Amino acid sequence: MSITPFLSYTVVDSTLAPQLAAIDSQLTQVVFKWKSNPLAIQYSCSKDSGKTWTLSGNGGQDTFFAVATPADKSPVSLWVRSTINNDCGISPISRFTATTKACSPIAFTATWKSNPICKGSTSIAVLGNLPGRYHVWMDGVAKGQTSEFNIPISNMVGKVTFKVLDSAQLVCGSTEKSLSWSAESISRDQLIHSLDTAKPNANCSKFVWVIYDCDASSVSKLWVVQNSKRVQQLSNPDYGQFMATINSGDSLWLEGASSGGCLAQSAKAVVTIVPKPNASFTYTQNGPNFTFTPADTVGEHLWYIQTGAGWLSYDKKPTVNLPAYSNQTVRVLHDLTQGGDSCFSQAYLDINLGELSTGSKTITQIRVSPNPIKQGGELNISLPTKWTHAQVIDATGRVVKQLKSNETNPSTIDWMFAKGMYQLRLFNGTESLGQVRVLTAD
């Protein structure tokens, strides 16, 4: 007879598994929260599917647990159980899952604070809509927590690149944005005027005339600046001239603007007012020879007689033989020019001449025809003596041509000089025979 064994057991009613209360998902961690169970003694958690267990914080009394991740958008799981005071000793396991928060680009802005953008200048770039704590790189160079940047504009077109890192979201990395520019160009080299910028400009009046020639491709507007104040706008910014009323020591320069508003200043000039030259003179007579002595010897001198045979000299203290003007009143004129604007003066003396000896006569009666003459024409010369060479002198006193006598036809000269007034001075060897004024007409 066989006996059937019986096993008796008692089933204990276990507590419930931890109940999820909330999930706080961040970029690099997820905090799981569960409801408190009054029967639970402490809670333990496992991040590796039950291989290892760790008490929650506060000796297992906390009802939350954080699981960290190395990156955003990472899947996370957590197992949670509690220790209970009954024969089972441990509650069922709850399995929680979540995903960390995803990064989003930093929506910062990059704009130009200063306009227009001008080549050769520095413009200010500004970053906006930045995080509370951040770090910036400009073209790869760390700039710290800065939002304004001085950008040198060395080229007509270009760009600058910024990277911004949110210090509260380091795991997300930086966000990059570029700011471009298209510059305008205007510089002092494109603003040219006639005043000397290396030393003070002497001026003999309260007015100064200035010639200017500016780069039409860059200069859209042009002003005259006097002692740092714009005093007039010039209607033609390309080229022309203007007159300024000045006081001694005034500084003058030009300020130009491009079409977009970029500004540049020309080199500065200083103007000083000086006295006009004194062209007055005296003379002494030794027989037929007259010597003229100027009161002011500084500058360029021009002495001349306009009537009769005529006479002209550029000497500082000339001596002239005047028998050709015997028994006449002759007007001797003296022009004196010194360096500086309007630094010109003229004086004359009317000299009553008696009978003068012709024994040492040096002025010869010279006649030319036609006078005026056209350029390229043949100028006929009439004088009672032989001449070997001649000088053609323009209105500024410059000798523009040396001519030799044409031996085959010594009474003519091929006149190849442009429209203007000239003096033709004739010589016989080293002896001056005198001179005559010749006008080239159209």
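Whatever comes next refers back to the structure up there.
Residues numbered from 1 in each chain as written. Predicted model: local features only at pLDDT ≥ 70, side-chain atom pairs only at ≥ 80, totals over all residues. Heavy atoms only, no water.

**Comments concerning the overall build of the protein chain**
Here's step 1: From N to C terminus, the protein chain includes one helix and 38 strands.
Here's step 2: Computed over the C-alpha atoms, the radius of gyration of the protein chain is 51 Å, more than 25% above the 22 Å expected from 2.2 N^0.38 for a compact globule of 442 residues.
Here's step 3: Taken over the C-alpha atoms alone, the protein chain extends approximately 190 × 45 × 35 Å along its principal axes.
Here's step 4: Here the protein chain holds 442 residues, and the buried ones make up 39% of them.
Here's step 5: In the protein chain, the share of contacts with a sequence separation of at least 24, taken over all contacts with a separation of at least 6, comes to 60%.
Here's step 6: Carbon and sulfur atoms make up 50% of the accessible area of the protein chain, which totals about 24600 Å².
Here's step 7: Distance between charge centres in the protein chain, computed from 36 positive and 31 negative side chains, equals 3 Å. (Helix = DSSP H or I, 4+ residues; strand = E, 2+ residues; numbered from the N terminus. Rg over C-alpha atoms; globule rule 2.2 N^0.38 Å. Buried < 20%, exposed > 50% of the residue type's maximum accessible area, 1.4 Å probe, protein only. Contact = heavy atoms within 4.5 Å. Areas by Shrake-Rupley, 256 points an atom, 1.4 Å probe, with all protein chains shown as cover. Lys, Arg positive; Asp, Glu negative; His and termini not counted. Charge placed at Lys NZ, Arg CZ, Asp CG, Glu CD.)

**Some remarks on the state of the cysteines**
Here's step 1: Summed over all chains, the structure comprises three disulfides.
Here's step 2: A sulfur-sulfur separation of 2.0 Å characterises the disulfide bridge that pairs Cys-118 with Cys-262. An S-S torsion of about -95° defines the bridge between Cys-118 and Cys-262 as left-handed. Here Cys-262 lies in the loop between β21 (250-257) and β22 (263-265) and Cys-118 lies in the loop between β8 (109-112) and β9 (122-128), a separation of 144 residues in the sequence. (Disulfide = S-S within 2.5 Å.)

**Brief notes about the side chain of Thr-175**
Here's step 1: Topologically, Thr-175 is positioned in strand β14 (residues 174-182).
Here's step 2: For Thr-175, a relative accessible area of 15% gives the class buried.
Here's step 3: Among the polar contacts made by the side chain of Thr-175, one reaches the main-chain amide nitrogen of Ile-106 at a distance of 3.0 Å.
Here's step 4: When sequence neighbours within four positions are dropped, the list of residues in contact with Thr-175 reads Pro-105, Ile-106, Phe-108, Phe-162, Lys-163 and Val-164. (Polar contact = N/O pair within 3.5 Å; in protein donor to acceptor, adjacent residues only side chain to side chain.)

**Quick look at the nonpolar core**
Here's step 1: Leu-222, Phe-242, Leu-252 and Leu-254 are the most contacted members of the largest nonpolar core, which totals 21 residues.
Here's step 2: Contributions of two or more residues to this core are made by β17 (207-214), β18 (221-226), β20 (239-245), β21 and β23 (269-273). (Core = buried A, V, L, I, M, F, W, Y, C linked by side-chain atoms within 4.5 Å.)

**Regarding the pattern of salt bridges**
Here's step 1: Inspection of every chain in the model, using the stated rule, returns five salt bridges.
Here's step 2: Glu-176 is the salt-bridge partner of Lys-163, the closest N and O atoms lying 3.8 Å from each other. Here the residue Lys-163 occupies a position in strand β13 (residues 157-166), and Glu-176 occupies one in strand β14, the gap between them amounting to 13 residues.
Here's step 3: The class for Lys-163 is partly exposed, based on a relative accessible area of 35%. (Salt bridge = Lys/Arg side-chain N within 4 Å of Asp/Glu carboxyl O.)

**With respect to the side chain of Thr-291**
Here's step 1: Its place among the elements puts Thr-291 in strand β25 (residues 289-294).
Here's step 2: Using a relative accessible area of 18% as the deciding quantity, one classes Thr-291 as buried.
Here's step 3: Here Thr-319 takes part through its side chain, which lies 2.8 Å from a polar atom of the side chain of Thr-291.
Here's step 4: If sequence neighbours within four positions are ignored, Thr-291 has contacts with Thr-282, Tyr-283, Thr-284, Lys-317, Pro-318 and Thr-319.

**Focus on the sheet that holds β13**
Here's step 1: If you trace the four strands from one edge of the open sheet to the other, you get β11-β10-β13-β14, paired in antiparallel fashion. The sheet is open, and its two edges are formed by β11 (141-144) and β14, each paired on a single side. Neighbour to neighbour, the strand axes of the sheet diverge by 25° on average, direction disregarded.
Here's step 2: In this structure, β13 lies alongside β14, joined through nine bridges in antiparallel fashion. (Pairing = 2+ DSSP bridges. Axes fitted to C-alpha atoms, helices over the stretch in contact; angles between N-to-C directions.)

**Section: the packing of aromatic side chains**
Here's step 1: The final tally for this structure, using the stated rule, is 14 aromatic pairs.
Here's step 2: Here the aromatic rings of Phe-32 and Phe-96 are separated by 6.2 Å at their centres, their planes lie at 25°, and the arrangement is stacked. One end of the pair, Phe-32, is in strand β2 (residues 29-34); the other, Phe-96, is in strand β7 (residues 94-99), and 64 residues separate them in sequence. Like Phe-32, the residue Phe-96 is buried in the burial classification.
Here's step 3: Consider the rings of Phe-417 and Tyr-422, whose centres lie 5.7 Å apart with planes at 45°: the pair is tilted. Tyr-422 carries the same exposure label as Phe-417, and that label is buried.
Here's step 4: What links up through ring pairs into an aromatic cluster is the set Phe-281, Tyr-283, Phe-290, Phe-292, Trp-303 and Trp-311.
Here's step 5: Lying over the aromatic face of Trp-53, Arg-81 brings its terminal NZ or CZ to 4.0 Å of the ring centre. (Phe/Tyr/Trp six-rings, centres within 6.5 Å; stacked < 30°, edge-to-face > 60°. Lys NZ or Arg CZ within 6 Å of the ring centre and 35° of its normal.)

**Points about the pairing of β11**
Here's step 1: Relative to β11, strand β10 (residues 134-138) runs antiparallel, the two sharing three bridges. Each bridged residue has a counterpart across the sheet, and for Val-136 the counterpart in β11 is Gly-144.
Here's step 2: Between β10 and the antiparallel strand that follows it, β11, lie two residues; Asp-139 among them carries a positive phi value of about 50°.

**Topic: the environment of Val-171**
Here's step 1: Inspection of the secondary structure assignment puts Val-171 in the loop between β13 and β14.
Here's step 2: Discounting chain neighbours no more than four positions away, the residues touching Val-171 are Leu-27, Thr-28, Pro-70, Ala-71, Asp-72 and Cys-103.

**With respect to the environment of Pro-323**
Here's step 1: When you line up the elements, Pro-323 lands in the loop between β28 (319-321) and β29 (329-337).
Here's step 2: Since its relative accessible area comes to 6%, Pro-323 is described here as buried.
Here's step 3: Along the backbone, Pro-323 and Asn-289 are 34 residues apart, and their C-alpha atoms lie at a distance of 8.5 Å.

**Let's talk about the sheet that holds strand β34 (residues 389-393)**
Here's step 1: Across the sheet, which stays open at both edges, the five strands sit in the order β32-β38-β37-β34-β35 with mixed pairing between neighbours. Two strands in the sheet have a free side with no partner beyond their single neighbour: β32 (373-374) and β35 (399-404).
Here's step 2: Relative to strand β38 (residues 431-441), β32 is paired through two bridges, and the arrangement is parallel. Across the sheet, the residue bridging to Lys-374 is Ala-441, located in β38.

Everything listed here is a matter of geometry and, on its own, says nothing about what the molecule does.
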